[in-house]
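# Results of the structural survey
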There are 2 protein chains.
Amino acid sequence: MTAPANPAPAYLAVDWGTSSLRVWVLSHAGDVLAERRSAEGMDTLHQDGFEAVLRRHLAALGPIVEALPRPLPIVLCGMVGARQGWREAPYVDVPTRLDAVVDRATVVSVEGIDARILPGLARRNPERPDVMRGEETQLLGLLLDHPDATGLVAMPGTHAKWVRLRGGTVTGFTTAMTGELFALLSRHSILRHSIGDAEPTSDPDSPAFREGLTRALADPGMIGAKLFAVRAGGLLFGTGPEASADLLSGLLIGAEVGAALIGLDGNEPVILVATGKLARLYSAAVEAGGRTVRLVDADVAVRKGLLHAARRFWPPPA
Amino acid sequence: MTAPANPAPAYLAVDWGTSSLRVWVLSHAGDVLAERRSAEGMDTLHQDGFEAVLRRHLAALGPIVEALPRPLPIVLCGMVGARQGWREAPYVDVPTRLDAVVDRATVVSVEGIDARILPGLARRNPERPDVMRGEETQLLGLLLDHPDATGLVAMPGTHAKWVRLRGGTVTGFTTAMTGELFALLSRHSILRHSIGDAEPTSDPDSPAFREGLTRALADPGMIGAKLFAVRAGGLLFGTGPEASADLLSGLLIGAEVGAALIGLDGNEPVILVATGKLARLYSAAVEAGGRTVRLVDADVAVRKGLLHAARRFWPPPA
């Protein structure tokens, strides 16, 4: 007559980026027992503010935190490990196996807390330097389900990452500033006169979005020259604000995807790690570029990656 | 025993753009007899403010204005003819002979003033719409010295224009938002963390500028993916603010020039209409792209274009 046992809380997992913070209480098996989200990203914090913010969220989680082991096992990823973060977790250089980010975590021991910050990855190539923080943990989660994943991984966002994986090893990656360019161009450039306060529809079937994709995929090299067409289209053809926003979105995403697909082998699919509207828009763009998409949920992937690391730091009872 | 006659004032010529205003008093032969510059561009004005600003500058020019014919013959170009300008001068569609901008000027007759606003050009192609205002007058000036000019004309600026000329006819043109992108990216994107308050050196021999040119010219299509390297280079290699600014400048100008030179015929030179630091930087970029440059001073060209129009509107005594 016992109810199915509630899984016991085992770990705290934290994805702490530039603009947001998410905290999960996980069981050993990865069940999400509690969650908190906040906009207290690194951009809003001084270096000595991280611990206080973390403790406030722990307090807000209430009694479930009392049921966790002591000291509290907390695994973190993202900008929290940047030089301006809570504690620097120095980059691991690529090429590297993803397990290295677990091996080289930075330990933060403070009153009642055993925190481990996973490092980001760096490509220390003087001609094409690049860095990531947070996406490596999504990739770690991706590998749990696909341990031999090989291919090109698209991770859209403010600073989109395109990652080359070969059997658990990251061989290289590139950042495209697409999300940030969209925000800057739509709100602060001359294109704001055509877009106004409109948001893109984020509908992958929007004609203006498709038009932008088509133009940019046909010739990703000329993006600088295509952007102004958003303004000129408003002036000459009366293109409305929402269609102008969709066109800009299509142009930027199409140029990013088009450039990334150049030189891709044979019929290799693209592994897309994304959620919500970015998943829809990038799926449409990759398919318009003639490739199939394997979609992986980004939120699930980062939790799986954090769980994987936590189980290595604090193995569950056998 | 007479001194050489001072040429008589004949015309007022005005280049009135988005961010600045320049007024010249010209003789029939084009001698500059007086000049005023101001930051009262269209962006700072309401539609009903243009006339007042113009009259204030005429008053400030003093007695020389008294010596001009009545009503005052004023020829204008630039955003002053936009829909939000003083009076709209509807675009002339390309392809068009440049003389058409003189034939189709908009007349503004107000108390004591006979003003003629030269229209801009439009490319009314639904897939690649584009517009210019002001550059058509520089091109008109260019043609006075080179009436059969044929080739590719580069006109750098906030919104750079690349114009295809064939014997006095504009067959097409494209806008690249390079100057605006530089301002947005260096001041408002994540790259600001690497650039700070630094200005680019504008030295075409700066190693970081050359490095940016080289990277971008090699592969203008991947510009979205190259920009973030400015940030990563600061993080991984300690690239300083000024070098980061120069690198960004080189990447953006290199991508623009590289894309524009694709498909250019044989050894065709590029006619560069520019002044000052833009003339130096774009000369370096075009030469790094393997082309020779014929430099035309942009300030001289716009005055020559305005003069040409003025002499058509109000022919000098024979």
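Refer to the structure printed above.
Given the structure is predicted, the values throughout are model-derived calculations rather than measurements. (Residues numbered from 1 in each chain as written. Chains lettered and ligands numbered in written order. Predicted model: local features only at pLDDT ≥ 70, side-chain atom pairs only at ≥ 80, totals over all residues. Heavy atoms only, no water.)

### With respect to the sheet that holds strand β15 (residues 293–297) of chain B
All names here are of chain B. Read from one edge to the other, the open sheet built from 6 strands follows the order β6-β13-β12-β11-β14-β15, with strand pairing classed as mixed. This sheet does not close on itself; its edge strands, each paired only once, are β6 (96–97) and β15. Bridging between strand β14 (residues 270–274) and β15 involves 5 bridges; their strand directions are parallel. Directly across from Ala274, in β15, lies its bridge partner Asp297. (Pairing = 2+ DSSP bridges. Helix = DSSP H or I, 4+ residues; strand = E, 2+ residues; numbered from the N terminus.)

### Observations regarding the pattern of salt bridges
In the structure shown here, the tally under the stated rule is 32 salt bridges over all chains. With a shortest N-O distance of 2.5 Å, Asp103 of chain A and Arg312 of chain A are connected by a salt bridge. With a gap of 209 residues between them, Asp103 of chain A in helix α3 (residues 100–103) and Arg312 of chain A in helix α12 (residues 298–313) connect regions that are remote in the sequence. Look at Asp103 of chain A and you get exposed, because its relative accessible area is 52%. Residue classification places Arg312 of chain A among the partly exposed residues on the basis of a relative accessible area of 38%. Notably, a salt bridge pairs Arg187 of chain B with Glu199 of chain B, separated by 3.3 Å at the nearest N-O pair. With Arg187 of chain B in helix α5 (residues 178–188) and Glu199 of chain B in the loop between α6 (192–195) and α7 (207–218), the pair connects residues that are 12 residues apart, well separated along the chain. (Salt bridge = Lys/Arg side-chain N within 4 Å of Asp/Glu carboxyl O. Buried < 20%, exposed > 50% of the residue type's maximum accessible area, 1.4 Å probe, protein only.)

### Thoughts on the side chain of Ser206 of chain B
Residue and element names in this part refer to chain B. For Ser206, the location among the structural elements is in the loop between α6 and α7. Engagement of the side chain of Ser206 in a polar contact is seen with the side chain of Asp246, the distance being 2.6 Å. Ignoring any residue separated from it by four or fewer positions in sequence, one finds Ser206 in contact with Thr201 and Asp246. (Polar contact = N/O pair within 3.5 Å; in protein donor to acceptor, adjacent residues only side chain to side chain. Contact = heavy atoms within 4.5 Å.)

### Notes on the relation of the copies chain A and chain B
Of the transformation placing chain A onto chain B, the axial shift is 0.0 Å and the rotation is 180°, giving an RMSD of 0.0 Å. Each copy turns onto its partner about a two-fold axis. (Least-squares fit on C-alpha atoms with pLDDT ≥ 70 in both.)

### Let's talk about the packing of helix α7 (residues 207–218) of chain A against helix α11 (residues 276–288) of chain A
Residue and element names in this part refer to chain A. It is the contact of α7 with α11, at a shortest axis distance of 10 Å, that shows an interaxial angle of 45°. Classified by the interaxial angle, the pair formed by α7 and α11 is oblique. The interaxial crossing formed by α7 with α11 has right-handed handedness. Judged by residue contacts, Phe209, Arg210, Leu213 and Leu217 of α7 engage Leu281, Ala284, Ala285 and Ala288 from α11. (Axes fitted to C-alpha atoms, helices over the stretch in contact; angles between N-to-C directions. Parallel < 35°, antiparallel > 145°, perpendicular 65-115°, else oblique. Left-handed = near helix turned anticlockwise from the far one by under 90°.)

### Observations concerning the environment of Gly290 of chain A
All names here are of chain A. Here Gly290 is to be found in the loop between α11 and β15 (293–297). A residue is classified by how much of its surface remains accessible, and Gly290, at 61% relative accessible area, is exposed. The spacing of Gly290 and Leu261 is 29 residues in sequence and 9.2 Å in space, taken between C-alpha atoms.

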